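Here are the chains, one letter per residue:
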Amino acid sequence: MSRFRVAVHIVPRRGLLDPQGKAVTDALHTLGFSSVFDVHVGRHLIVEMDARDSSSAESTTREMCNKLLANPVIEDFEIASVSTL
Amino acid sequence: MKFGIVTFPGSNCDYDTYHAVVDALGEEAVYLWHKDHDLRGCDVVILPGGFSYGDYLRAGAIARFSPIMREVVAHAERGAPVLAICNGFQIACEAGLLPGALLRNASLKFVCEAVRMRVENADTLFTNRYDRGQLITLPIAHGDGRYTADEETLARIEGEGRVVFRYVGGPGDADEWWSPNGSMNAIAGIVSAAGNVLGMMPHPERAVDDLLGSSDGMGVFESILSRVAA
C-alpha cells in the first residue's frame, strides 16, 4: 500500500445553462479580456488515500465520483492527476 | 394516519411541517432522526426543507446516504407515499427517487417570495383536492431550485402527466409559464413514475393558514389524507 493524492475536476455538463460561468465570462469581458468566449465554473477535489498502485487509486476515485462526488445528470468529471504522497 | 418527518443535520422546515400535519391537518406526526434505521410505522414520510449537511458538495448529495434514507427508499419502493419539499426534493433526486436534478437558480440569487403556480395534474395522491388548472400561491425559498433533466426525461415526465405544479404568472400574462429560478418548462413539482413520491420546491407547509398569507398548501396534506385513509 502507498499513499496517493488524486485530483478531480468536476464541471457542469456541457450544454446545460451555467449562470456562474456566464457571469464570470461577462466580468472578464468587462476587464478587457475579449478573447474569452466561455468559462465553466466547477469544483476541484483533492482525495488523499491509500491504494495498491496509482491505477487502483484512480479507479477507486472514479467509483467515488460515480457514487457521490459528481452527479452524472448535471456534471462531468475528470481525474486530473494522481501523484504519490 | 401517521406522518414521519425526517430531521437531517441542517433541516429547518421540520417544525413547520410538524405544525402543518398536527395542528392544521389534525393527524399524528413524529420526527425521524437521520441516524435512525426505522420509520416507526409511519404511513407517510416527509423529507422537509432546509440545508442538510450545509449543502456541501451538492444540495442533498450527502443526506441521501444517511441511514434513514435506506428505509425511506424501501418505503417508496413499496409504493408508500413520500412528500419531498425543497431540500427534500433535492435529496429525493440525488437518491434516485425522482429523475433530474436541481441546480443553482439561473439568477444566482436566493429567491424568497410567494409565487403563483398551476396545478397541472389533479389526479395524483398529492393533488386530488385541487382542480386541474387551479392557480395557487405558495412560498418558495431556495438558492438551488432550477429543475434540470435531459431532453428524453423531460419529454417523458411531461408526456406522462408527471409535472404536477408549474410556475405561472410573471409580470405579463398570468397564465404564462414563468420560472422564478430558471427551471426547465417552469417545473415546480413532479411525481415519480408510480405516483407515490412528490418532489416540489415550493413550501405547502408554510401555507396552511389564511392568517399567515395563504392556505393553498393545505390541499397537498388533505389530498394525502383522503387517498391514503380511504
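Since this is a predicted model, take the numbers as computed values, not measurements. (Residues numbered from 1 in each chain as written. Chains lettered and ligands numbered in written order. Predicted model: local features only at pLDDT ≥ 70, side-chain atom pairs only at ≥ 80, totals over all residues.)

### As for the overall build of chain A
Now for step 1: The secondary structure content of chain A amounts to 2 helices and 3 strands.
Now for step 2: Expected size for 85 residues packed as a compact globule is a radius of gyration near 12 Å; at 16 Å, chain A overshoots this value by more than 25%.
Now for step 3: Referenced to the eigenvectors of the C-alpha coordinate spread, the extents of chain A come out at roughly 50 × 25 × 15 Å.
Now for step 4: Out of the 85 residues belonging to chain A, those deemed buried represent 15%.
Now for step 5: Put simply, 70% of the contacts in chain A that link residues at least 6 apart link residues at least 24 apart. (Helix = DSSP H or I, 4+ residues; strand = E, 2+ residues; numbered from the N terminus. Rg over C-alpha atoms; globule rule 2.2 N^0.38 Å. Buried ≥ 20, exposed ≤ 12 C-beta atoms within 10 Å, placed from the backbone. Contact = placed C-beta atoms within 7 Å.)

### Side note on the confidence of the model for chain A
Now for step 1: Chain-level statistics for chain A give a pLDDT mean of 95 and a share of 100% at 70 or above.
Now for step 2: Across chain A, element-level confidence peaks in strand β2 (residues 43-51) of chain A with a mean pLDDT of 97 and bottoms out in helix α1 (residues 19-30) of chain A with 94. (pLDDT = per-residue confidence, 0-100.)

### So, the interface of chain A and chain B
Interfaces are often sized by the amount of accessible area the parts lose when they come together.
Now for step 1: Counting residues at the interface gives 9 residues for chain A and 11 residues for chain B.
Now for step 2: When residues of the side of chain A that touches chain B are assigned to their parent elements, the largest contribution, 3 residues, is made by α1(A).
Now for step 3: Split by residue class, the side of chain A that touches chain B holds 7 nonpolar, 2 polar and no charged. (Nonpolar A, V, L, I, M, F, W, Y, C, P; charged D, E, K, R; others polar.)

### Quick notes on unusual backbone geometry
Now for step 1: Backbone geometry at B:L108 places phi at a positive 65 degrees, although glycine is not the residue there.
Now for step 2: Along the chain, B:L108 falls in the loop between β5 (101-103) and β6 (111-119).

### Section: the sheet that holds strand β3 (residues 75-84) of chain A
All names here are of chain A.
Now for step 1: In spatial order, the strands read β2-β1-β3; together these 3 strands make up an open sheet with antiparallel pairing. Strand pairing shows two members of the sheet lacking a second neighbour, β2 and β3, which therefore form its edges. Neighbour-to-neighbour, the strand axes of the sheet open up by a mean angle of 25 degrees, direction not taken into account.
Now for step 2: The pairing of strand β1 (residues 2-12) with β2 spans 9 bridges and is classified as antiparallel. When the sheet's bridge partners are listed, V6 is paired in β2 with V47. (Pairing = 2+ DSSP bridges. Axes fitted to C-alpha atoms, helices over the stretch in contact; angles between N-to-C directions.)

### A short note on the environment of B:V197
Residues and elements named next belong to chain B.
Now for step 1: Note that V197 resides in strand β11 (residues 197-200).
Now for step 2: Spatially, the C-alpha atom of V197 lies 19 Å from that of R40, the residues being 157 residues apart in sequence.
Now for step 3: Those residues in contact with V197 that sit more than four places away from it in its chain are A76, V82, A84, A92, L97, L98, V191 and S192.

### With respect to the nonpolar core
Now for step 1: Of all hydrophobic cores here, the largest spans 72 residues; its most connected members are B:V82, B:A84 and B:A92.
Now for step 2: Dropping the residues within four chain positions of it, B:V82 is found in contact with B:V45, B:L47, B:V72, B:H75, B:A76, B:A92, B:L97, B:N196 and B:V197.
Now for step 3: A:V6, A:C65, A:L69 and A:F77 belong to the second largest nonpolar core, which has 8 residues in total. (Core = buried A, V, L, I, M, F, W, Y, C linked by C-beta atoms within 7 Å.)

### Topic: the sheet that holds strand β1 (residues 2-7) of chain B
Residues and elements named next belong to chain B.
Now for step 1: If you walk across this open sheet you meet the 9 strands as β2-β1-β3-β4-β11-β10-β9-β6-β7, and the pairing is mixed. With partners counted over all chains shown, the strands left at the sheet margins are β2 (28-33) and β7 (135-142), one partner each. For this sheet the average axis-to-axis angle between neighbouring strands, irrespective of direction, equals 25 degrees.
Now for step 2: As paired strands, strand β9 (residues 163-167) and strand β10 (residues 187-191) are joined by 3 bridges and run antiparallel to one another. Note on β10: the bridge partner recorded for F165 is G189.
Now for step 3: Each of β3 (44-47), β4 (82-85) and β11 touches helix α3 (residues 87-94); the most contacted strand, β4, lies at about 115 degrees to it.

### Considering the environment of A:S81
All names here are of chain A.
Now for step 1: Tracing the sequence through the fold places S81 in strand β3.
Now for step 2: Given 13 C-beta atoms within a 10 Å radius, S81 is considered partly exposed.
Now for step 3: For S81 and T60, which are 21 residues apart along the polypeptide, the C-alpha to C-alpha distance reads 13 Å.

### Comments concerning α3(B)
Residues and elements named next belong to chain B.
Now for step 1: Among the 8 residues of α3, 8 are classified as buried, and the element is accordingly described as predominantly covered.
Now for step 2: Among the residues of α3, N87, G88, F89, Q90, I91, A92, C93 and E94 are the ones counted as buried.
Now for step 3: Next to the buried residues of α3 lie β3, β4, β5 and β11.
Now for step 4: Remark: G96 follows α3 within two positions and exhibits a positive phi of approximately 80 degrees.

### What about the pairing of β10(B)?
All names here are of chain B.
Now for step 1: For β10, a buried count of 5 out of 5 residues is recorded, marking the element as mostly surrounded by other parts of the structure.
Now for step 2: When β10 meets β11, the two strands line up antiparallel, connected through 3 bridges. Paired with G189 across the two strands is M200, which belongs to β11.
Now for step 3: Between β10 and β11, which follow one another and run antiparallel, lie 5 residues, and G195 among them has a positive phi close to 85 degrees.

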